[in-house]
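Structural characterization, general
Below, each chain spelled out in residue letters.
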Amino acid sequence: MLRIAIIVLTLGTAITHMSLLFPDIVFILNGLGYLGLLGALYAPIPALAGRRRQVRWALIGYTLLTIFLWVAFGLREPIGYMNKFNEVLLVAALIAQDRLEA
């Protein structure tokens, strides 16, 4: 169940960032970063099989950095608040999964 929540929350965050299409490419790259880390976390890649925990913590750090940067520089619009709520839920789900698998 946590795996599904993490996939849905990560995809939601990635889609939100990529749909913003700001004048620069930062939001698109942020969304692609989420997708890349999600793939590294769950795709059946033998080279990553023993590194899922490190990938999970990389995704947690990436998400926390995104939240911090929004707090520092982001626009205070409803979509931003909704996406930050989504990201907080993502971090909570990732930490819960890490504790269950530790």
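Our structure's up above, just so we're on the same page.
Rules used in this analysis
The residue numbering used here restarts from 1 in each chain and proceeds along that chain's sequence as written. In keeping with the model being predicted, local features are shown solely for residues with a pLDDT of at least 70 and side-chain atom pairs are shown and tallied solely at 80 or more, while totals for entire chains, interfaces and linings include all residues. Only heavy atoms go into the side-chain values, all of them from the structure, while hydrogens and water stay out. Centres within 6.5 Å are what make two rings of Phe, Tyr or Trp a pair, Trp counting through its six-membered ring; a difference in plane orientation under 30 degrees is then read as stacked, over 60 as edge-to-face, and the rest as tilted. Here a helix means four or more residues in a row that DSSP labels H or I, a strand means two or more in a row labelled E, and each is numbered from the N terminus. Only protein chains enter the accessibility calculation, which uses a 1.4 Å probe. A residue is then buried if its area is under 20% of the maximum for its type, exposed if over 50%, and partly exposed in between.

Considering the packing of aromatic side chains
The geometry of an aromatic ring pair is captured by the separation of the ring centres together with the interplanar angle, meaning the angle of the planes. Applying the stated rule across the entire model yields 2 aromatic pairs. Ring geometry for Tyr34 against Tyr62: centres 5.0 Å apart, planes inclined by 80°, an arrangement best described as edge-to-face. Placement of the pair is Tyr34 in helix α2 (residues 26-42) and Tyr62 in helix α3 (residues 52-73), with a sequence separation of 28 residues. Taking the relative accessible area as the measure of exposure, Tyr62 reaches 23% and is therefore partly exposed. Plain terms: the ring middles of Trp70 and Tyr81 are 5.1 Å apart, the flat faces sit at 80° to each other, and that makes the pair edge-to-face. Pair noted here: Trp70 is in helix α3 and Tyr81 is in helix α4 (residues 78-101), with a separation of 11 residues, a long-range link. Given the relative accessible area of 46%, Tyr81 is considered partly exposed.

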